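Letter by letter, the chains look like this.
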Amino acid sequence: MTAYQRLPTASFSPVPGLDGEDQGAENRTSASYDLAWIDHRGAATWDRRSLPDTPEVEAAVSSFARGAMLRSPRGPVAVEDLIPGDRVVVRGGGTAQIDWIGSRSYSMQGERPIFYRVAARAFGASGPDADILLGASAHILIDSKRCLDLVGATLAFAPIAAFEDGHAVAAVVPPGDVTVYGIACRGQEAMLAAGLAIESYHPARATGRSLTRTVLADMAKLFPQTTGGAGFGAPRIPYLTASEATSLAMAGV
């Protein structure tokens, strides 16, 4: 049994670090993030925050490119038109409320993020229904008996980057200004974007790199809706490592 099969049972609750625990944090490179969340009154709130430019923070806002269409009860909605409180359709036919949306914009003169263009039917009946552009940290849902030997279940989330083949899934760097987006719900969900099941952000992805107190302090600033003690809940679906996902891709999954 791999570490990815042993899903944490506790709720992930980002908490501010204690004084002195972020020693040297002020010397870290920062970036500007646009955040929207459901506050303690149940209302949608917006803010722009300067946060550390770390892999953990970046992963939270790097699942979708602008224009990605997510299924909602009122039909397909572009990710940039969603607001906290909206509901999205999840795998199985139910819906989940969006509690948080984060984004980061890049100008054409500066650092450039990688996207993955997923061609229509790249994953067969699992989708997508049309070409879709995903962020580098997107995790897609794999439903295959081949996952049993890897994670002990037929369902697992896998990084989209592991399926890059230059054709069905191609890495691209679009020209011009670009924006990446992330969505979080109260728990781990499999949202449908152009019919392809994609994980809502869950910090369990970071457990392989260890959720240190510094990372938790960063997460508390990134996810204001958790300041009252609310967490993300324990993840229900395990993760494949990049190498495990690549092995499935080579096997034709």
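The sections below set out a description of the structure shown in this document. (Residues numbered from 1 in each chain as written. Predicted model: local features only at pLDDT ≥ 70, side-chain atom pairs only at ≥ 80, totals over all residues. Heavy atoms only, no water.)

## Digging into the environment of L155
So, point 1. The residue L155 is located in strand β11 (residues 155-159) in this model.
So, point 2. In this structure L155 comes out as partly exposed when scored by relative accessible area, which is 22%.
So, point 3. Once the C-alpha coordinates of L155 and D143 are considered, the two residues, 12 residues apart in sequence, prove to be 4.7 Å apart.
So, point 4. Every residue in contact with L155, bar those within four places of it in the chain, is listed here: R91, L141, I142, D143, I237 and P238. (Helix = DSSP H or I, 4+ residues; strand = E, 2+ residues; numbered from the N terminus. Buried < 20%, exposed > 50% of the residue type's maximum accessible area, 1.4 Å probe, protein only. Contact = heavy atoms within 4.5 Å.)

## Some remarks on unusual backbone geometry
So, point 1. G127 connects to P128 through a cis peptide bond whose omega is 0°.
So, point 2. Tracing the sequence through the fold places P128 in the loop between β8 (115-118) and β9 (132-135).
So, point 3. The backbone of R121 shows a phi angle near 65°, a positive value even though the residue is not glycine.
So, point 4. Relative to the assigned elements, R121 resides in the loop between β8 and β9.
So, point 5. Judged by relative accessible area, which is 47%, R121 ranks as partly exposed.

## Concerning the pattern of salt bridges
So, point 1. Summed over the entire model, instances satisfying the criterion amount to 13 salt bridges.
So, point 2. The closest approach of N and O atoms between R48 and D34, which form a salt bridge, is 2.6 Å. Here R48 is found in strand β2 (residues 44-52), whereas its partner D34 is found in strand β1 (residues 30-38), with 14 residues between them in sequence.
So, point 3. On the basis of relative accessibility, which here comes to 26%, the residue D34 falls in the partly exposed class.
So, point 4. Of the charged contacts, one joins R91 and D143 as a salt bridge, the two residues approaching to 2.7 Å between their closest N and O atoms. Of this pair, R91 sits in the loop between β6 (87-89) and β7 (95-106) while D143 is found in strand β10 (residues 139-143), placing the two residues 52 residues apart along the sequence. (Salt bridge = Lys/Arg side-chain N within 4 Å of Asp/Glu carboxyl O.)

## Some remarks on the packing of aromatic side chains
One pair of aromatic rings is described through two measures. These are the centre distance and the angle between the planes.
So, point 1. For the structure on display, the rule yields six aromatic pairs.
So, point 2. With 4.5 Å between their ring centres and 50° between their planes, W100 and F223 make a pair best called tilted. With W100 in strand β7 and F223 in the loop between α3 (213-222) and α4 (242-250), this pair connects stretches of sequence that are 123 residues apart. Comparing W100 with F223, the two get one shared label, buried. (Phe/Tyr/Trp six-rings, centres within 6.5 Å; stacked < 30°, edge-to-face > 60°.)

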